[in-house]
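# Fold and geometry: a report
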Amino acid sequence: NAGVTQTPKFRILKIGQSMTLQCTQDMNHNYMYWYRQDPGMGLKLIYYSVGAGITDKGEVPNGYNVSRSTTEDFPLRLELAAPSQTSVYFCASSYSPTYEINEQFFGPGTRLTVL
Amino acid sequence: AQSVTQLDSHVSVSEGTPVLLRCNYSSSYSPSLFWYVQHPNKGLQLLLKYTSAATLVKGINGFEAEFKKSETSFHLTKPSAHMSDAAEYFCVVRGPGASGSARQLTFGSGTQLTVLP
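Residues numbered from 1 in each chain as written. Chains lettered and ligands numbered in written order. Predicted model: local features only at pLDDT ≥ 70, side-chain atom pairs only at ≥ 80, totals over all residues. Heavy atoms only, no water.

## Considerations on the overall build of chain A
The cut-off we apply is this: Only runs of H or I of at least four residues qualify as helices and only runs of E of at least two qualify as strands under DSSP, and these elements are numbered from the N terminus. The globule rule used for comparison is 2.2 Å times the number of residues to the exponent 0.38, while the radius of gyration itself is calculated over C-alpha atoms.
Summing up its helical and strand segments, chain A has zero helices and eleven strands in all. The linear arrangement of helices and strands in chain A, starting from the amino end, is β-β-β-β-β-β-β-β-β-β-β. Here the C-alpha atoms of chain A give a radius of gyration of 14 Å, agreeing with the 13 Å that 2.2 N^0.38 yields for 115 residues. The dimensions of chain A, computed from C-alpha atoms along their principal axes, are 40 × 30 × 25 Å.

## Focus: the confidence of the model for chain B
For any part of a model where pLDDT is low, the fine detail of the predicted coordinates should not be relied upon. The following threshold applies: pLDDT: the predictor's confidence for each residue, scored from 0 to 100.
When pLDDT is averaged along chain B, the result is 89; 92% of the residues meet or exceed 70. Of all the helices and strands in chain B, strand E11 (residues 105-107) of chain B carries the lowest mean pLDDT, 85, while strand E3 (residues 19-21) of chain B carries the highest, 98.

## Some thoughts on the pairing of strand E3 (residues 19-25) of chain A
All names here are of chain A. Definition in use: Whether a residue is buried, partly exposed or exposed follows from its accessible area with a 1.4 Å probe, protein chains only, as a fraction of its type maximum: under 20%, in between, or over 50%, in that order. A pair of strands is treated as paired once DSSP finds two or more bridges between them.
A one-sided burial pattern is seen for E3, the buried positions being Met-19, Leu-21, Cys-23 and Gln-25 and the unburied ones Thr-20, Gln-22 and Thr-24. When E3 meets strand E8 (residues 76-78), the two strands line up antiparallel, connected through three bridges. Residue pairing across strands places Met-19 opposite Leu-78, the latter belonging to E8.

## Brief notes about the interface of chain B and chain A
Size of an interface: often given as the accessible area lost when the parts come together. Which entries qualify depends on this criterion: Contacts: residue pairs with any heavy atoms within 4.5 Å of one another. Here's the idea: put two parts together, see how much 1.4 Å probe accessible area each one loses, and the total over both is what we call buried area. Each polar contact in these results corresponds to two N or O atoms within 3.5 Å; when the atoms are within protein, one needs to be able to donate a hydrogen and the other to accept it, and residues that are neighboring in sequence are counted only if both atoms are side-chain atoms.
Chain B puts 22 residues into the contact, and the matching count from chain A is 24 residues. Of the roughly 1800 Å² buried between chain B and chain A, counting both surfaces, carbon and sulfur atoms make up 55%. Counting every contact that joins chain B to chain A gives two residue pairs in polar contact (both at pLDDT 80 or more). For the side of chain B that touches chain A, the secondary-structure elements that each account for two or more residues are strand E5 (33-38), strand E6 (44-50), strand E10 (87-94) and E11 of chain B.

## Some points on the nonpolar core
Stated formally: The criterion is simple. A nonpolar core is a set of buried Ala, Val, Leu, Ile, Met, Phe, Trp, Tyr and Cys residues joined through side-chain atoms within 4.5 Å.
Grouped together as the largest cluster of nonpolar side chains are 26 residues, with contacts concentrated most on Trp35(B), Leu48(B), Leu76(B) and Tyr89(B). Formed by 19 residues, the second largest nonpolar core is a distinct cluster that contains Leu21(A), Trp34(A), Cys91(A) and Leu112(A).

## What about the state of the cysteines?
Here, the word disulfide means a covalent bond between the sulfur atoms of two cysteines. Heads up, the condition is: Count a disulfide wherever a pair of cysteine sulfur atoms falls within 2.5 Å.
Using the criterion set out here, one finds two disulfides over all chains in the structure. The residue that forms a disulfide with Cys23(A) is Cys91(A), at a sulfur-sulfur distance of 1.8 Å. Around the S-S axis, the bridge from Cys23(A) to Cys91(A) shows a dihedral of about -70 degrees and counts as left-handed. Of this pair, Cys23(A) sits in strand E3 while Cys91(A) sits in strand E9 (residues 87-94); the two residues are 68 residues apart in sequence, bridging distant segments of the chain. Accessibility classification places Cys23(A) together with Cys91(A) in one group, the buried group. Between the sulfur of Cys23(B) and that of Cys91(B) lies a disulfide, 2.0 Å long from S to S. Taking the torsion about the sulfur-sulfur bond, which here is approximately -70 degrees, the covalent link between Cys23(B) and Cys91(B) counts as left-handed. Taken together, the positions of Cys23(B) in strand E4 (residues 23-26) and Cys91(B) in strand E10 put the pair 68 residues apart, joining distant regions of the chain. The burial state of Cys23(B) is the same as that of Cys91(B); both residues are buried.

## Some words on the pattern of salt bridges
Residues and elements named next belong to chain A. This is how the line gets drawn: Think of a salt bridge as a Lys or Arg side-chain nitrogen and an Asp or Glu carboxyl oxygen that are within 4 Å of each other.
By the definition in use, this model includes six salt bridges over all chains. Residues Arg-77 and Glu-79 are paired through a salt bridge, measuring 3.3 Å at the closest nitrogen-oxygen approach. Taking the relative accessible area as the measure of exposure, Arg-77 reaches 29% and is therefore partly exposed.

## Quick word on the environment of Thr55(A)
Residues and elements named next belong to chain A. Tracing the backbone through its elements, the reader meets Thr-55 in strand E6 (residues 54-57). Expressed as a C-alpha distance, the spacing of Thr-55 and Leu-80, which sit 25 residues apart in the sequence, is 21 Å. Discounting chain neighbours no more than four positions away, the residues touching Thr-55 are Tyr-48, Ser-49, Val-66, Ser-67, Arg-68 and Phe-74.

Written out as structure tokens, the structure reads:
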């Protein structure tokens, strides 16, 4: 299994540009997550999904959109890039049956710079 | 909402000496707690998790953590540091977080561990 894969690894955007960060997992996990990590900080949850067709906001959703048309894919969309969105973005997935607690598996991250 | 505080942003130890990374948590009920490690330019990897079973939890690579409810702590330890342990370590508590989701993970700000030869 490849686990959680993210593309691209690095990207530089100009203010106002848009882009999609791709995330795919091959573990048949129903839960998927997007986090951002700013320098010297822990990860903050942007959006999450509990299954295909279902998404919900995390702690810092403003400026982002997501979709979940399949179990495997959970892309993150930035519509109008701003310098405040310069960060490292991590996608994660987990298999989480009700009342059980399972670890989240993380992708390698996408380093985004907005200039 | 749950929260965690990692008491040290940087810890330096010599190779072969013990490691102690400190974490305090705040929770309105019995929490689920995790330690994750992040090596440079890599994603996060789970070291260990506490889910209200044994209070002393053993993880990978010789790490362990002890849940102490009276002290609201979940410190990470290792008897003997190895050069490959140099990384950033995150203490994490499981929801509900600021979003209200019971499954949300709330991360501490991280502790950078340096291992000196």
